[in-house]
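# Coordinates in review
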Amino acid sequence: MNVNFVSDLYLELMNKISAIDNTILEQLSTPCYILEENLLIENLTLIKRVEVEADIEIILALKAFALWKTFPIFRNFFHSTTASSLNEARLSYKEFKSKTHTYSPAYTEEEFARIVKFSSKITFNSWNQFNKFYPLVRGKASCGIRINPGYSEIKTDLYNPCSAGSRFGISIENMPQQLPIGVQGFHCHNHCESNSYALERTLEQIEQKFGMWLEQIEWLNLGGGHLITHKDYNIEHLITTLKKFKQQHKNLKLILEPGSAFLWQTGPLVASVIDIVENNNIRTAILDTSFTCHMPDCLEMPYHPVVRGAKQVSTTTPCKTEFLYRLGGNSCLSGDWMGYWEFNHPLSEGDKIIFEDMNHYTTVKTSMFNGVQHPSIILLRGNGELKMLRKFKYSDYRNRMC
């Protein structure tokens, strides 16, 4: 069985050293997600440094990662989370052992009382929702509103919360001169895998458009999308930017709620080749995993993951290159495939294919479409132990159906 080599592209993009070697790969039954504890702790340590030096609060966004069996690792560094639903808020309360900062585009009467029970802060998306539910939360949690600065540097509309007609947040033209009693904070989210300079420009926009209200509140949540653990992220600039803003607004507690940054480059999705088919000079390696089921962001965003031991190639005649393959998923969706990839050897049944950096926004978004076998979830401990966190069975698929 061939185990793929580490390509130059992989070494260029990855700034962390994976412990997943041939010995580990030979122990794996695929498909499986692997979370590497040492790489996670490396990220947590860096993010904690930002929290301490900038004197802010950083919390884990459960929408990006919610593997609760790993929460004890997170709790060694951080003490709270952010939730977007009753289920996430409950998970935080029960498994992270803390109340959460909760924001939802809209709360329902059936769920709101329980959301209050599990929340330390609750953000409302509209004045209608604030007026409707504030009487039920008064004195039980700190309340805020989501503001829409009308500014974002996100290029993909699917992920841009400030695009024209956005359903998120209250724009400046809908703000009153005086905030209603009970509004203690603002929440602003307009980043996606962004750098510190985008945050600096966002703060300028907030100051310009919402500055008159900043002295009336106690906290400002700057949302997620801050890719602090990227190798090119300017940590010093981030800390300086946050400290400068805090100096200008001493009444404000600043909050960041990154998701991807916590899990950035902490482990792959490992699959196996189960067949190779050829049609119209296109050679496809069919895998025991699925892009639409197990890597949905690759099709939604879209973006191409790094494949260890392979180089992505742009071509219309893939079979003219000896070891060039299209990678295909094992579902019946025609578009369940991703790009053309050149390897340094011919692929064979049983070969492992390693999709790097697959822990953020994956397990929280997967589906069981077609009943395709869901990848197991494995924690690679710092001592080299492989700990099975979850192995999915037929009953998991059956119980989601009626």
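Residues numbered from 1 in each chain as written. Predicted model: local features only at pLDDT ≥ 70, side-chain atom pairs only at ≥ 80, totals over all residues. Heavy atoms only, no water.

### Observations regarding the packing of aromatic side chains
Tallied over the entire structure, the rule returns 19 aromatic pairs. Judged by centre distance (5.1 Å) and plane angle (45°), the ring pair of Y93 and F118 falls under tilted. Of this pair, Y93 sits in helix α5 (residues 86–96) while F118 sits in helix α6 (residues 109–118), and the two are 25 residues apart along the sequence. We classify Y93 as partly exposed; its relative accessible area is 33%. Centre to centre, the rings of W337 and Y340 are 6.2 Å apart; their planes meet at 45°, and the pair counts as tilted. A network of ring pairs unites the aromatic residues Y107, F112, F124, W127, F130, F133 and Y134 as a single cluster. Of note, R283 hangs over the ring of Y325, and the distance from its end group to the ring centre comes to 5.2 Å. Over the ring of W337 we find R326; its NZ or CZ atom is 4.1 Å from the centre of that ring. (Phe/Tyr/Trp six-rings, centres within 6.5 Å; stacked < 30°, edge-to-face > 60°. Helix = DSSP H or I, 4+ residues; strand = E, 2+ residues; numbered from the N terminus. Buried < 20%, exposed > 50% of the residue type's maximum accessible area, 1.4 Å probe, protein only. Lys NZ or Arg CZ within 6 Å of the ring centre and 35° of its normal.)

### Re the pattern of salt bridges
Inspection of the entire model under this criterion finds 13 salt bridges. When the shortest N-O distance is used, the salt bridge between K365 and E300 registers 3.1 Å. Taken together, the positions of K365 in the loop between β16 (352–355) and β17 (376–380) and E300 in helix α12 (residues 296–300) put the pair 65 residues apart, joining distant regions of the chain. The partly exposed category is assigned to E300, whose relative accessible area is 38%. Sharing partners across several salt bridges, the network here consists of R49, E53 and E236. (Salt bridge = Lys/Arg side-chain N within 4 Å of Asp/Glu carboxyl O.)

### Re the packing of helix α8 (residues 196–214) against helix α9 (residues 235–248)
Contact pair α8 / α9: the axes reach a minimum separation of 10 Å and the direction vectors enclose 10°. Relative to α9, the element α8 lies roughly parallel. For the pair α8 and α9, contact is made by S196, Y197, L199, E200, L203, E207 and L214 and by H237, L238, T241, L242, F245 and Q248, respectively. Here the contact of α8 with α9 is composed, by residue class, of seven nonpolar, four polar and two charged. (Axes fitted to C-alpha atoms, helices over the stretch in contact; angles between N-to-C directions. Parallel < 35°, antiparallel > 145°, perpendicular 65-115°, else oblique. Contact = heavy atoms within 4.5 Å. Nonpolar A, V, L, I, M, F, W, Y, C, P; charged D, E, K, R; others polar.)

### Things to note about empty space enclosed by the protein
By the definition in use, this model includes one cavity of 30 Å³ or more. Each pocket or cavity is described by its volume, and for the largest cavity that value is around 50 Å³. Around the largest cavity, the lining residues are T82, H101, T102, Y103, K121, T123, H187, W219, N221 and E257. Secondary structure elements with two or more residues in the lining of the largest cavity: β5 (100–103), β6 (119–124) and β9 (219–221). With three residues, the top contributor of residues to the lining of the largest cavity is β5. Each residue belonging to the lining of the largest cavity can be placed in one class, and the counts come to two nonpolar, six polar and two charged. (1 Å grid on protein atoms, 1.4 Å probe; cavity = no way out; pocket = protein on both sides within 12 Å on 5 of 7 lines; lining within 4 Å. Points joined across faces, edges and corners; volume = space filled by probe spheres on them.)

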